[in-house]
Amino acid sequence: MTAMPEHHDPMKPQLTSRARQPRRAWPALMAVAALTSLLGACAGQPNASPAGGSPEAAAPADGLKLGALLPTTGDLQSIGQPMSEVLPLAVETINACGGVNGKPVSLVLADDQTDPTVGVEGMTKLVEVDKVAGVVGSFASSVSGAAVDVAVRNKVMMISPGSTSPVFTERAKKGEFQGFWARTAPPDTYQAEALAKLAFERGHKRVATIVINNDYGVGFEQKFIAAFKKLGGTVVNEAKPTRYDPKAATFESEVNAAFSQKPDAVAAILYVESGALLLKAAYEQGLSKGVQIMLTDGMKTDDLAKQVGMGSDGKPIVAGAIGTVPGADGESLTALTELVQRKLNKAPAAFVPQTWDAVMLMALAAQAAGENTGTGIQSKIREVSSGDGEAVTDVCKGLELLKAGKKINYQGTSGNVDIDENGDVVGNYDVWNVESDGKISIKGKVKLQ
């Protein structure tokens, strides 16, 4: 790994942090504050050696400027916060080997609060005020679906590490994104098949669904129903799907509707905060006893059991629940895991590898294009992710080859991240389980044909 030139060190990213509060005009709410707690000596990276130094105060105006639009508060904050924490490490890593196009990379973070309206405000600020060339985000499909129009209109590349709704594939096929959209997590077309296969293989032939009423939930529901029926199963509430408003105060009627026909299992496509309340309501009404709860990526967080609460027997209400989540099996995953453990003192959470890969792809695409612009990134994103160039897992080696005029094919920490013409990647799925003590463990994988 090539060290940064003397006195030329990683940049301080910036973080906008907003608690739940009445909305005001976005310029006032999206104020930027310095995020320095994760920056000190330059972090290492997969297959690379770190270089030391102190962060600079600001990046040159023509350096690559990236934004991030992720939920550090709101319904998905427990998933969004670890994703946001790894971003400064990714920027440090790139800057430690010379930056992009001879300039250091800088980063601005915005909290979308898991709210589409706030997400549009945040994206508008990132592209019109901060003048970023690319944005990592969002996680919630509903937020990305609203914010992507702002990115496309301003020719800013947007790569989501977690928005998995099939709606994005459909919109891409219609030409709505003009190539300014991609994602490093696979669409729910695949995860719905994985969950359906898991349910059927576990012997659950009669299943009900209950989903959050947004692009993510409804899109997943429709794909799951089709996949489960194809396997020979029955979705007992297919004629009248159960969908819930995440802003509702209570969920008694929804859980009654989902559990009333005594299914073998309930496929619950939820977000963490509202989903925890929903699962607690099902337990308190005695509806979930003897029913297998099946969850997805939107609920996989280490404090899930704590959020749902304890039962009368002193055990976590959600103990025994199983779920699927896009897995990570990239060649450099071990090295990323070691880096995050060393710098943040914890293992990478779900979607952290996909977040890392989104940053690396944008940096490599900008270098391949020879310009730090959204149009430049857009023009080379598929070439560096899925082209016929030399396979690389180390961003420093990738940048070096690109500077020499050679082509590369980045192999990510989450997987090969071969982005197709619709901005999609194909992934694999881990099966996770909530143990009797509330801890989450990985119990294998679901392989799709």
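Residues numbered from 1 in each chain as written. Predicted model: local features only at pLDDT ≥ 70, side-chain atom pairs only at ≥ 80, totals over all residues. Heavy atoms only, no water.

## Observations regarding the state of the cysteines
Line of reasoning, step 1. The tally for this structure, following the rule as stated, stands at one disulfide.
Line of reasoning, step 2. Each sulfur in the disulfide pair cysteine 97 and cysteine 396 lies 2.4 Å from the other. Across the S-S bond of cysteine 97 and cysteine 396 the torsion is about -90°, and the bridge reads as left-handed. Placement of cysteine 97 in the loop between helix H2 (77-96) and strand E4 (106-111) and of cysteine 396 in helix H14 (residues 395-403) is noted, with a sequence separation of 299 residues between them.
Line of reasoning, step 3. In this structure cysteine 97 comes out as buried when scored by relative accessible area, which is 5%. (Disulfide = S-S within 2.5 Å. Helix = DSSP H or I, 4+ residues; strand = E, 2+ residues; numbered from the N terminus. Buried < 20%, exposed > 50% of the residue type's maximum accessible area, 1.4 Å probe, protein only.)

## Thoughts on the layout of surface pockets
Line of reasoning, step 1. In this structure, the largest pocket occupies an estimated 520 Å³ of space.
Line of reasoning, step 2. Lys300, Pro348, Ala349, Ala350 and Phe351 are, among the 23 residues lining the largest pocket, the residues nearest its centre.
Line of reasoning, step 3. Elements with a contribution of two residues or more to the lining of the largest pocket: H2, strand E13 (322-326), helix H11 (333-344), helix H12 (352-369) and strand E17 (440-446).
Line of reasoning, step 4. The biggest single contributor to the lining of the largest pocket is H2, with three residues.
Line of reasoning, step 5. The residue inventory of the lining of the largest pocket, partitioned by class, reads 14 nonpolar, five polar and four charged. (1 Å grid on protein atoms, 1.4 Å probe; cavity = no way out; pocket = protein on both sides within 12 Å on 5 of 7 lines; lining within 4 Å. Points joined across faces, edges and corners; volume = space filled by probe spheres on them. Nonpolar A, V, L, I, M, F, W, Y, C, P; charged D, E, K, R; others polar.)

## Some points on the pairing of strand E3 (residues 65-70)
Line of reasoning, step 1. Burial analysis of E3 places five of its six residues in the buried class, the great majority of the element.
Line of reasoning, step 2. Bridge count for E3 against E4 is six bridges, and the pairing is parallel. Note that in E4 the partner of leucine 70 across the bridge is aspartate 111.
Line of reasoning, step 3. In this view, the connection linking E3 to its parallel neighbour E4 by way of H2 has right-handed handedness.
Line of reasoning, step 4. Two strands pair when backbone bridges link them, and E3 and strand E5 (residues 134-137) are joined in this way by four bridges, in the parallel orientation. Considered in E5, the bridge of leucine 66 is made with glycine 134. (Pairing = 2+ DSSP bridges. Right-handed = clockwise from strand over helix to strand, strands pointing away.)

## Digging into the side chain of serine 441
Line of reasoning, step 1. In this fold, serine 441 is placed in strand E17.
Line of reasoning, step 2. For serine 441, a relative accessible area of 19% puts it in the buried group.
Line of reasoning, step 3. Looking at serine 441, its side chain comes within polar contact range of the side chain of glutamate 435, at 2.4 Å.
Line of reasoning, step 4. Dropping the residues within four chain positions of it, serine 441 is found in contact with Val431, Trp432, Asn433 and Glu435. (Polar contact = N/O pair within 3.5 Å; in protein donor to acceptor, adjacent residues only side chain to side chain. Contact = heavy atoms within 4.5 Å.)

## Re the pairing of strand E12 (residues 292-295)
Line of reasoning, step 1. The alternating pattern of E12 places Gln292 and Met294 and Ile293 and Leu295 on opposite faces, both of which are buried.
Line of reasoning, step 2. With three bridges connecting them, strand E11 (residues 265-269) and E12 associate as parallel partners. Note on E12: the bridge partner recorded for valine 266 is isoleucine 293.
Line of reasoning, step 3. Taken together, E11, helix H9 (residues 272-284) and E12 constitute a β-α-β crossover, and its handedness is right-handed.
Line of reasoning, step 4. Where E12 lies against E13, two bridges are found, and the strand directions are parallel. Following the sheet pairing, leucine 295 is matched in E13 by glycine 323.

## A short note on empty space enclosed by the protein
Line of reasoning, step 1. What the rule picks out here adds up to one cavity of 30 Å³ or more.
Line of reasoning, step 2. Of the volumes computed, that of the largest cavity is approximately 40 Å³.
Line of reasoning, step 3. Looking at the lining of the largest cavity, its residues break down into five nonpolar, four polar and one charged.

Spatial relationships are all this shows, so hold off on functional conclusions.
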